[in-house]
Amino acid sequence: MLVGIVGAGFAGLSTARVLTELGHDVVVWEKAPDVGGVWSATRRYPGLKTQNNKGTYALSEMPMPKHYPEWPSGEQVQAYLENYARKFGILSAVECSTEVVSATPAATGGWDVTTASEKGTDTRHVDHLVLASGIFSEPFVPPFEGREDFLAAGGEIMPAGDLHHLDQVAGKHAMVVGYGKSACDITVEVAGVAASTTVVARELLWKLPRKIKGVLNYKYLMLTRLGEGIFRYHTVSGVERLLHARNSLIAGNMVDSVGSVTTKQLQLEKLGLVPLGTFADIARATVSLVTEGFFEAVADGRIDVRRDTTVTRLLEKDGKPHAELSDGSIVRTDVILAATGWRQTIPFLPDEVLNRFTDERGDYVLYRQIHPVGVDDLSFAGYNSSFFSPLSAEVSALWIGSLLGGNHTLPSDDEMRQQVATRLRWMRERTRGNHARGTNVIPFSVHNIDETLSDIGLGVSRLTKAKEWLLPINPSDYRDLVQKLKKRVRR
């Protein structure tokens, strides 16, 4: 069987590795000139680092190099992925600088995939198609009113990820729109060279220090089963029943204590940057770590944060580009860096196909975040925004290999739709709609891994699971699963 894979990031490369080990031929299409996905040199911005420590942000069969720092840089992650592809012999299957422009279901099954590269266009038939192009596919830049006047006055507007060199902002008045990880990462770097740096934050998000009180690594709080268990899943069992007994008394106290320590450690009250709501909201959509140096730069005036504010329009004033904010102020702005999220688009799939697995709200109906209900010969890998993105992607690959090899079968379409609809209703309520079209599983990453592995009858030992309650998840504990699956599937 020939399997086509779109994307050469963690999900695409781990899927290629698993499926080739299970006896399939694969071709991987990557529109960037290098492997890496979001870690590609074409998408890296100054200051980009992982949120996870290197021990948890790795694929099971190949730990991050020992000489890497605890939080590797974007360049180091890309190098790791390239070495992974080389080690497992899949680099030759990757066609870089090759964009998928259309994928059409073939009458006899499978897909006819048309790609474009410097060599021209090419159409190839594959028996199965895996979309591993990621949930961060197309940056969203708001359609600012007054854009034309702003640009005519010499202003610039770009997605934050398009900032590759600090000389693009050196000596300029910079405005970063957004307050997530990338926004704060970029802001710290920009503040070191810009004439002024303003952050426009529509909503402040809670941030977690990499080390609580400068001592306790956050991985012991958030990257364990216990850390996940303090947030209520849609069903609870075992230890989680105790944590959430009496209206989640124990879990609530644990979250509140971390919130109090964090607020004091980051001096949020003094800076006027305590987010609205409670610290439990940190897990509403995604968990963001503090960018080192961010709050220090706010304290000394190098970064100006305009909280609970939006850009209402752009304009020219006195011959210079400016931005007017919702608080009525007008700020000199030469460069706007939009760290305002992503559009989850799959432009190469026909609307007829997209409509078959998209509900009335525009959310994807993906069983186990992998199978598009109602569409044959198609799978998604890495469409589960997770604390453990590499391991989650790898587990998705195992699930796909298991299905293709006949190791497990799918429930009926009606049953899958019902299960997905129930999950989506819960996710909409829990995240207030910020669930990335149903693909965001944070903070319930381990639940997602467990459920996916349960379908294929594999998993780690009870002893390993017990260890994971107090110690961070170690992807290496899952390294034998592909070989175990290999013994079960049809070749």
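Quick notes on the rules
Residues numbered from 1 in each chain as written. Predicted model: local features only at pLDDT ≥ 70, side-chain atom pairs only at ≥ 80, totals over all residues. Heavy atoms only, no water. Helix = DSSP H or I, 4+ residues; strand = E, 2+ residues; numbered from the N terminus. Rg over C-alpha atoms; globule rule 2.2 N^0.38 Å. Buried < 20%, exposed > 50% of the residue type's maximum accessible area, 1.4 Å probe, protein only. Contact = heavy atoms within 4.5 Å. Lys, Arg positive; Asp, Glu negative; His and termini not counted. Charge placed at Lys NZ, Arg CZ, Asp CG, Glu CD. Phe/Tyr/Trp six-rings, centres within 6.5 Å; stacked < 30°, edge-to-face > 60°. Lys NZ or Arg CZ within 6 Å of the ring centre and 35° of its normal. Pairing = 2+ DSSP bridges. Axes fitted to C-alpha atoms, helices over the stretch in contact; angles between N-to-C directions. Patch = residues over 30% accessible without salt bridge, like charges linked within 9 Å, V, L, I, M, F, W, Y side chains within 5 Å. Areas by Shrake-Rupley, 256 points an atom, 1.4 Å probe, with all protein chains shown as cover. Salt bridge = Lys/Arg side-chain N within 4 Å of Asp/Glu carboxyl O. Parallel < 35°, antiparallel > 145°, perpendicular 65-115°, else oblique. Left-handed = near helix turned anticlockwise from the far one by under 90°. Expected span 1.5 Å × (residues − 1). Bend = angle between axes of the 7 residues up to and from the residue. Polar contact = N/O pair within 3.5 Å; in protein donor to acceptor, adjacent residues only side chain to side chain. Core = buried A, V, L, I, M, F, W, Y, C linked by side-chain atoms within 4.5 Å.

Helix and strand counts for the protein stand at 16 helices and 24 strands. In terms of overall dimensions, the protein is globule-like: its C-alpha atoms have a radius of gyration of 23 Å, near the 23 Å expected for 491 residues. Dimensions of the protein, computed from C-alpha atoms along their principal axes, come out at roughly 70 × 60 × 50 Å. Evaluated residue by residue, the protein yields a buried proportion of 54% over its 491 residues. For the protein, restricting intrachain contacts to residue pairs at least 6 apart in sequence, the fraction spanning at least 24 positions comes to 67%. Placing the 55 positive and 57 negative side-chain charges of the protein at their respective mean positions leaves the two points 7 Å apart.

Our next topic: the packing of aromatic side chains. Each aromatic ring pair is characterised by the separation of its centres together with the angle its planes make. Tallied over the entire structure, the rule returns 16 aromatic pairs. For the pair Trp426 and Phe444, a centre-to-centre distance of 5.4 Å together with 45° between the ring planes defines the contact as tilted. On the criterion of sequence distance, the pair formed by Trp426 in helix H13 (residues 413-431) and Phe444 in the loop between H13 and helix H14 (445-455) is long-range, its members being 18 residues apart. Grouped by ring-pair contacts, the aromatic residues Phe10, Trp39, Tyr57 and Tyr80 constitute a single cluster. Positioned over the ring face of Tyr179 is Lys207, at 4.8 Å from the centre of the ring. Taking the ring centre of Trp71 as reference, the NZ or CZ of Arg210 above it sits at 5.1 Å.

Glancing now at the sheet that holds strand E11 (residues 196-201). Ordered in space as E9-E20-E10-E11-E16, the five strands form an open sheet in which the pairing is parallel. Lying at the two open borders of the sheet, with one neighbouring strand each, are strand E9 (156-159) and strand E16 (304-307). Adjacent strand axes in the sheet meet at a mean angle of 20°, parallel and antiparallel pairs treated alike. Taken together, the four bridges between strand E10 (residues 173-177) and strand E20 (residues 335-338) define a ladder with parallel strand orientation. From the neighbouring strand, Val177 faces E20, where its bridge partner is Ala338. In the packing of helix H4 (residues 181-191) onto the sheet, the strands contacted are E10, E11 and E20, and the crossing angle to E11 comes to about 165°.

Strand residues, when the strand is regular, have side chains that alternate between the two faces of the sheet. In terms of strand pairing, strand E5 (residues 111-117) meets strand E6 (residues 120-126) through seven bridges, oriented antiparallel. Across the sheet, the residue bridging to Ser117 is Gly120, located in E6. Joining the antiparallel neighbours E5 and E6 is a turn of two residues.

All right, on to the sheet that holds E6 then. Read from one edge of the open sheet, three strands run E4-E5-E6, paired in antiparallel fashion. Each having just a single partner strand, strand E4 (99-105) and E6 make up the two edges of the open sheet. Across the sheet, the axes of successive neighbouring strands diverge by a mean angle of 20°, strand direction being ignored. By the bridge criterion, six bridges tie E4 to E5 in an arrangement that is antiparallel. Its bridge partner lying in E5, Ser102 is registered against Thr114.

Time to look at a nonpolar patch on the surface. A surface patch of nonpolar side chains, amounting to about 500 Å² of accessible area, comprises Val215, Leu216, Tyr220, Leu470 and Leu471. Residue placement: Tyr220 occurs in helix H5 (residues 219-222).

The next point concerns the packing of helix H12 (residues 389-404) against H14. In the contact formed by H12 and H14, the axes pass within 9 Å of each other and the chain directions differ by 15°. Of the possible angle classes, the one that applies to H12 and H14 is roughly parallel. Note that H12 runs across H14; the crossing there is left-handed. Residues Leu391, Ser392, Val395, Leu398 and Trp399 of H12 form the contact with H14, whose own contacting residues are Ile449, Thr452, Leu453 and Asp455.

All right, on to unusual backbone geometry then. Even without being a glycine, Gln267 presents a positive backbone phi close to 55°. Mapped onto the elements, Gln267 comes out in the loop between helix H8 (245-265) and helix H9 (268-271). In this model, Asp377 sits at a positive phi of 60°, which is unusual for a non-glycine residue. Within the element layout of this structure, Asp377 appears in the loop between strand E23 (371-372) and strand E24 (378-380). On the accessibility criterion, Asp377 (30% relative accessible area) is partly exposed.

Should the charged atoms of two oppositely charged side chains come close, the side chains can pair. If you walk through the whole model with that rule in mind, you get 22 salt bridges. Between Asp455 and Arg368 there is a salt bridge, and its shortest N-O distance comes to 2.8 Å. Here Asp455 is found in helix H14, whereas its partner Arg368 is found in the loop between strand E22 (366-367) and E23, with 87 residues between them in sequence. The exposure class of Arg368 is partly exposed, given its relative accessible area of 21%. Counted as one network, the salt bridges with shared partners bring together Arg17, Glu21, Glu61 and Lys486.

Between its first and last C-alpha atoms H8 spans 30 Å; for 21 residues at 1.5 Å apiece the expected length is 30 Å, and the two agree. Along H8, the sharpest change in direction is near 40° and occurs at Gly252. Inspection of H8 places Ser248, Ala251, Val255, Val258, Gly259, Thr262 and Thr263 among the buried residues, and these make up the whole buried set. Lining the buried residues of H8 we find strand E12 (207-208), strand E13 (211-212), H5, helix H7 (239-243) and H9. Looking at the residues trailing H8, positive phi occurs at Gln267, about 55°.

With respect to the element layout, His447 can be found in helix H14. Since its relative accessible area comes to 15%, His447 is described here as buried. At 2.3 Å, the side chain of His447 and the side chain of Glu228 are in polar contact.

This next bit is on the nonpolar core. Among the nonpolar cores identified, the biggest contains 113 residues, and Leu13, Tyr80, Tyr179, Leu208, Phe294, Val305 and Leu337 are the most heavily contacted of them. No other element matches the eight residues that H12 contributes to this core. Setting aside residues no more than four positions away along its own chain, Tyr80 makes contact with Phe10, Ala58, Leu59, Met62, Pro63, Met64, Pro65 and Tyr68. Core analysis: the second largest hydrophobic core is formed by 23 residues, Val6, Val126, Ile135 and Phe348 among them.

Function-wise, these values are silent; they only describe arrangement.
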